[in-house]
Amino acid sequence: MATKGNPGDNRSRSSLSSFIIVAALCCFFYVLGVWKRSGFGKGDSIALEITKKAEDCGILPNLEYETHHGNQSTSFNDPKQDIKEIEPCGEQYIDYTPCHDQMRAMTFPRENMNYRERHCPPDEEKLHCLIPAPKGYVTPFSWPKSRDYVPFANAPHKSLTVEKAVQNWVQYEGNVFRFPGGGTQFPNGADAYIDQLASVIPIDNGTIRTALDTGCGVASWGAYLFKKNVLTMSFAPRDSHEAQVQFALERGVPAVIGVLGTIKLPYPSRAFDMAHCSRCLIPWGANDGLYMMEVDRVLRPGGYWVLSGPPINWRINYQAWQRPKEELEEEQRKIEEMAELLCWEKKHEKGEIAIWRKRVNNEYCRERDSRVTLCESSNAENVWYKKMEACVTPYPETTNSDEVAGGELKPFPDRLNAVPPRIASGSVPRLFVESFKEDNKLWKKHVNSYKRVNKILDSGRYRNIMDMNAGLGSFAAALESPKLWVMNVLPTIAEKDTLGVVYERGLIGIYHDWCEAFSTYPRTYDLIHANGVFSLYKDKCNAEDILLEMDRILRPEGAVILRDNVDVLTQVKRIATSMRWNTKMVDHEDGPLIPEKVLFAVKKYWVVGDSNSTVSD
């Protein structure tokens, strides 16, 4: 399409071209949103109808975007450039989790659950193909319906409905799984169980915002805590119980594949307001209390630890549990001793629930320090593939007995935009209060710009969102809504370790190296945001590998927003085109002369066995 006006006015022509791109994208995302909300199955007839609607909106099939930086003669849709087509993987890879592959896992020692930890394939064994969706795959239900219902076609595994039938975890009904909200330790439902906890723990007033669920099952505890505005990081191993974590994410609940084994949890110190284990089968008293020490590391001063099920109240329950009472008695004794050694205060024990509280500072724990080995404070955040140590993480220093070590947090939602204590205290090098405020302001601006392009960004269409390079968490803060949650990923090679800041804002996240696969099942995120990721990893690993991993974890018709230098995005766009992604490049919101651009993409719908070309039409 040609534009009228002064032929020499390149800026005017570029602005009009950018306007057309944005208008086309708005229409494209709007049509996609209407289609997705319909809940119908997929097929050629629907695709044809959507194509017609797109044509009615005026989306141009050959729209080009010419850069104002670098090679002026190169367009991003240059038909002369060869596009390498990436083929689909075989049907056997539908649920492929590269770093938690079952066959690879069995080659590692079983001691201390080592074989259930991350074991990633070497470069020569990485798949260079697209993970297909199963036949019949449909868009998950929107929240909160997704909490209770998951389409069978999306996670076609019935083993849990048999193995956990009496525990009311999950039921198979026709073409859906139903999650009644039950669990081994909450037969009256998760709501009733959480209300029990709330009689001891201040869950209702915003004091408790971030929670950790170890051995989470299908994450019903975290699912029902959303009612209390509590955000839970749940994890469970990929084990014989098929699809626990997959079910959690299909339900719209944060979860990762993980286990308490031999390496530290991928979270910063003092991250969680509450940690929880409901019959999670973790041997808390074993290895000289190593796992309780790790919980202590990630638990915020003043935070709570909940243990329900064996061995709590073993005298009453040992027969029902079909375990020797001497064994259960010894198990609880070790737990009680370690809790005392850690200086946790026991607040409650009733029925099968016990609750401890970590002291708010070291003033109450002077005796502890003479009885335990203290970890080096500099190692508290150095956790990626680091072995767990039999040492106790020291408290940050305080000046009086009332002061909360590390700084007191405001109740949520006030803490979301308040200056985090780690910044106020200067504990993150070269990060200041003003730079935090500027970052917050900048990302509000960026997100508002995204919403002008993708008008359904905060409509509820996208529930599970990932930020691949989260920084201070300001992207997630700008999006904050009960309709969605954000997994804030801090790359292990990031210049500054800011994940603790993310948690102090009342958000959740995880450390990760994007040269490896993420600890999740395929098709578990609705939208992926990546700011500067490809520039960050430019000399570290292959951009195609990162994009293939993004494709693996992105749902069919999921959205992608990439922000980076135009030269980097040019190459990324070429690879994305070969991966069944529809892509559009737009200018920085401050204008076309800014070298940073934004690439919007939508992953096409296709399932195993589809023979259509992977190259965009």
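Residues numbered from 1 in each chain as written. Predicted model: local features only at pLDDT ≥ 70, side-chain atom pairs only at ≥ 80, totals over all residues. Heavy atoms only, no water.

A few points about the overall build of the protein chain
Heads up, the condition is: Numbered from the N terminus, helices here are DSSP runs of H or I no shorter than four residues, and strands are runs of E no shorter than two. Under the scheme applied here, a residue whose accessible area is under 20% of the maximum for its type counts as buried, over 50% as exposed, and between as partly exposed, the area being computed with a 1.4 Å probe on protein chains only. In these tables, accessible area is a Shrake-Rupley quantity obtained with a 1.4 Å probe, and a residue counts as shielded only by the protein chains included in the view.
Scanning the protein chain for helices and strands turns up 19 helices and 17 strands. A total of 617 residues make up the protein chain; the buried ones form 56% of that total. When the accessible area of the protein chain is evaluated, it comes to approximately 26,100 Å², of which 50% is carbon and sulfur surface.

Quick notes on the state of the cysteines
Put simply, the rule is: When the sulfur atoms of two cysteines come within 2.5 Å, that pair is taken as a disulfide.
Applying the stated criterion to the full structure yields six disulfides. In this model C89 forms its disulfide with C129; the gap between the sulfur atoms is 2.0 Å. Disulfide C89 to C129: torsion about the S-S bond roughly 100°, handedness right-handed. Highlighted residues: C89 in the loop between α2 (44–57) and α3 (102–105) and C129 in the loop between α3 and α4 (145–148), separated in sequence by 40 residues. Accessibility assignment for this pair places C89 and C129 in one class, buried. Here C277 is linked by a disulfide to C280, with a sulfur-sulfur distance of 2.0 Å. When the S-S torsion is -95°, as for the bridge of C277 with C280, the disulfide is left-handed. For C280, a relative accessible area of 10% translates into the label buried.

Remarks on the environment of N154
Going by this rule: Contacts are residue-level and defined by heavy atoms, with any inter-residue pair within 4.5 Å sufficient. The term polar contact refers here to a pair of N or O atoms within 3.5 Å; inside protein, the definition further demands a hydrogen-donor-capable atom paired with an acceptor-capable atom, and it admits residues adjacent in sequence only when both atoms are side-chain atoms.
Structurally, N154 can be placed in the loop between β1 (149–151) and α5 (159–163). A relative accessible area of 0% means that N154 is categorised as buried. If near-sequence neighbours (up to four positions away) are discounted, N154 is found in contact with P134, Y137, V138, P140, Q246, E250 and R523. In terms of polar contacts, N154 uses its side chain to reach the backbone carbonyl oxygen of V138, at 2.8 Å.

Concerning the sheet that holds β1
This is how the line gets drawn: Being paired, for any two strands, means DSSP has found at least two bridges between them. Axis angles are defined between N-to-C directions and span 0 to 180 degrees, where every axis is a line fitted to C-alpha atoms and, for a helix, only to the segment in contact.
The sheet built from three strands is open, its strands ordered β1-β3-β2 with antiparallel pairing. In the strand order of this sheet, the two ends are held by β1 and β2 (171–173), each with one partner. Within this sheet the neighbouring strands show an average axis-to-axis angle of 30°, counted without direction. As paired elements, β2 and strand β3 (residues 176–178) share three bridges and run antiparallel to each other. Its bridge partner being in β3, Y172 is matched across the sheet by F177.

Some remarks on the sheet that holds strand β6 (residues 255–257)
If you walk across this open sheet you meet the seven strands as β6-β5-β4-β7-β8-β10-β9, and the pairing is mixed. Each edge of the open sheet carries a strand with a single partner, namely β6 and β9 (344–350). Going across the sheet, the axis of each strand differs from the next one's by a mean of 20°, ignoring polarity. Bridge count for strand β4 (residues 210–214) against strand β7 (residues 272–278) is three bridges, and the pairing is parallel. For L212, the partnering residue across the bridge sits in β7 and is A275. Where helix α6 (residues 190–198) meets the sheet, it contacts β7, β8 (299–308) and β10 (353–358), and its direction lies at approximately 45° from that of β10. On top of the sheet, helix α9 (residues 290–298) reaches β4, β7, β8, β9 and β10; it is set at about 135° to β8, its chief contact.

A short note on helix α19 (residues 566–577)
How we decide: A helix is expected to span 1.5 Å multiplied by its residue count minus one.
Under the 1.5 Å per step criterion, the end-to-end length of α19 is 16 Å for twelve residues, consistent within 8% with the ideal 16 Å. Within α19 the residues assigned to the buried category are V566, V568, L569, T570, V572, K573, I575, A576 and T577. Tucked into the core, α19 has its buried residues touching α17 (533–536), α18 (543–553), β15 (554–565), β16 (581–587) and β17 (596–603). You can read the cap of α19 off the contacts: a side-chain oxygen lies 2.9 Å from the backbone nitrogen of D567, and it is on N565.

Topic: the confidence of the model for the protein chain
Here is the rule: What pLDDT expresses is the predictor's confidence in each residue, scored from 0 to 100.
Mean pLDDT over the protein chain: 85, with 82% of residues reaching 70 or higher. Across residues 613–617, where pLDDT falls below 50, the model places 19 contacts with residues more than four positions away in sequence or in other chains.

Details of the pattern of salt bridges
Note on pairing: side chains with opposite charge can pair once their charged atoms come close. For clarity, the cut-off: Salt-bridge detection follows one rule: a side-chain nitrogen of Lys or Arg within 4 Å of a carboxyl oxygen of Asp or Glu.
The tally for this structure, following the rule as stated, stands at 37 salt bridges. R366 is the partner of E363 in a salt bridge, and the nearest nitrogen-oxygen pair spans 3.0 Å. Relative accessible area serves as the criterion here: at 32%, E363 is assigned to the partly exposed category. Linked through salt bridges whose partners overlap, the residues forming this network are D195, D204 and K228.

Considering helix α11 (residues 325–341)
Taking 1.5 Å of rise per residue, the 17 residues of α11 would be expected to cover 24 Å, and the 24 Å separating its terminal C-alpha atoms lies within 8% of that figure. Along α11, the residues that are buried comprise L328, Q332, I335, M338, A339 and L341. Where α11 is buried, its residues contact α9, β8, α10 (314–321), β9, β10 and α12 (366–371).

A few points about the nonpolar core
For the record, the criterion: By nonpolar core we mean a set of buried residues, namely Ala, Val, Leu, Ile, Met, Phe, Trp, Tyr and Cys, connected to one another through side-chain atoms within 4.5 Å.
Ranked by size, the top nonpolar core spans 133 residues in total, and within it Y267, W284, W305 and M550 carry the most contacts. Sorting elements by how many residues they give to this core places α9 first, with six residues. Each residue touching M550, except ones within four places of it in the same chain, is listed here: M468, I528, F534, V560, L562 and W581. Membership of the second largest hydrophobic core comes to eight residues, among which are V170, F179, A243 and F247.

Comments concerning the pairing of strand β5 (residues 231–236)
Of all six residues in β5, six are buried; the element is thus mostly enclosed. Across the two faces of β5 the burial is the same, with L231, M233 and F235 and T232, S234 and A236 all buried. With five bridges joining them, β4 and β5 adopt parallel strand pairing. Across the sheet, the residue bridging to L212 is M233, located in β5. Taken together, the three bridges between β5 and β6 define a ladder with parallel strand orientation. When the sheet's bridge partners are listed, A236 is paired in β6 with I257.

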